[in-house]
Amino acid sequence: MLEEDSLIYSKEDRRPEREQIRNMPFPKRMQYLFEYYAIYVGVALFVIAAIIFLAYHILKAPESTGLYVAVYNQAWSEESKADLEKLLRKEAGIAQDTSVYIDDSFFIGQNGLDKLQVYLANKQLDLVVASKADFKVLAGYGFFQDLGKVSGIPEPCRERLVKAAGYLETGEISLDDNETGRGEELFYGMELPENPWNQNESQKASGIVVSLAVDAPNEENAVCFMELLEKGKK
């Protein structure tokens, strides 16, 4: 005896349905087919979209960055940042499809310090701009290069170099912080007496210190940016 769901019964049972579909008006037939296959089409489209999305992110060229500046615990005006970026692109010959970041989202406190450390560890930062007080703290963590040993720095910039105590490399593992700010005093920054790019009027006359990050990936562009800052806002 044949099972009730055998192929013979299935074909016979489906014949009236096929005839009914063929005899439907075209709009109603399309509505029926859409309702019947909608879930399958939706799943298929989702899978195709996911494949395209993954392929794009895997195969696309990595983003090119010409300079990344961390502005620490300050808020610079958008106009000033745009003007500096335009000048830098012109002076350093940075193409428009290469990114330039002047990022003033590094706020004071543990979160700002942690963010700075992550960017430095990933070798994403070129320069750090901070107040003189913050500069001395950050230099003590060993974040900056000795500018006295960096070639290509123009003489006007060299005349503004300032020292700070760095990180003391002992090679010992200790729970006590006996290394931060205990290292040799070196030229870790370029001090500028004014900060015309700050949108806070009270901070414009307080001055800033510009430092070159350890393992800066775009050192040449960073030096060019330092020179632009030294020349001041025109």
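This text goes with the structure placed above it.
Model, not experiment: these values are computed from the prediction.

Peer 1: What is the right way to look at the packing of helix α3 (residues 78-92) against helix α7 (residues 219-231) in this model?
Peer 2: How two helices sit against one another is set out by the angle between their axes and by the gap between those axes. At their nearest, the axes of α3 and α7 sit 10 Å apart, and the two run at 125 degrees to each other. Classified by the angle between their axes, α3 and α7 sit oblique to one another. Both α3 and α7 take part in a crossing whose hand is right-handed. The residues of α7 that touch α3, namely those facing L84, L87, L88, E91 and A92, are N221, C224, F225, L228 and L229. The residue inventory of the contact of α3 with α7, partitioned by class, reads eight nonpolar, one polar and one charged.

Peer 1: Honestly, the environment of T98 in this entry has me stumped. Any pointers?
Peer 2: By the secondary structure assignment, T98 is in the loop between α3 and β2 (99-106). Residue classification places T98 among the buried positions, given a relative accessible area of 14%. Spatially, the C-alpha atom of T98 lies 5.1 Å from that of S64, the residues being 34 residues apart in sequence. In contact with T98, other than residues within four places in its own chain, are S64, T65, G66 and R89.

Peer 1: Just to check I follow, could you spell out the pattern of salt bridges for this structure?
Peer 2: Where side chains of opposite charge bring their charged atoms close, a pairing between them can arise. Counted under the stated rule, the structure contains seven salt bridges. A salt bridge links K81 to E78, with the nearest nitrogen and oxygen atoms 3.0 Å apart. Of this pair, K81 and E78 are both found in helix α3, three residues apart, which corresponds to roughly one turn of the helix. Residue classification places E78 among the exposed positions, given a relative accessible area of 57%. A cluster of three or more residues bridged by salt bridges with shared partners is formed by E78, K81 and D104.

Peer 1: What am I meant to see in the pairing of strand β6 (residues 208-212) here?
Peer 2: Of all five residues making up β6, five are buried, and the element is well covered by its neighbours. Going residue by residue along β6, you find I208, V210 and L212 tucked away on one face and V209 and S211 tucked away on the opposite face as well. Pairing of strand β3 (residues 127-130) with β6, which is carried by four bridges, proceeds in the antiparallel orientation. Across the sheet, the residue bridging to V128 is S211, located in β6. Where strand β5 (residues 185-192) lies against β6, three bridges are found, and the strand directions are antiparallel. Residue pairing in the sheet places L192 in a bridge with I208 of β6.

Peer 1: Whenever I open this one, the pairing of β5 confuses me. Can you help?
Peer 2: Regular strands have side chains that alternate between both faces of the sheet. Pairing between strand β4 (residues 161-165) and β5: five bridges, direction antiparallel. Bridged to K163 within β5 is F187.

Procedures and definitions
Residues numbered from 1 in each chain as written. Predicted model: local features only at pLDDT ≥ 70, side-chain atom pairs only at ≥ 80, totals over all residues. Heavy atoms only, no water. Axes fitted to C-alpha atoms, helices over the stretch in contact; angles between N-to-C directions. Helix = DSSP H or I, 4+ residues; strand = E, 2+ residues; numbered from the N terminus. Parallel < 35°, antiparallel > 145°, perpendicular 65-115°, else oblique. Left-handed = near helix turned anticlockwise from the far one by under 90°. Contact = heavy atoms within 4.5 Å. Nonpolar A, V, L, I, M, F, W, Y, C, P; charged D, E, K, R; others polar. Buried < 20%, exposed > 50% of the residue type's maximum accessible area, 1.4 Å probe, protein only. Salt bridge = Lys/Arg side-chain N within 4 Å of Asp/Glu carboxyl O. Pairing = 2+ DSSP bridges.

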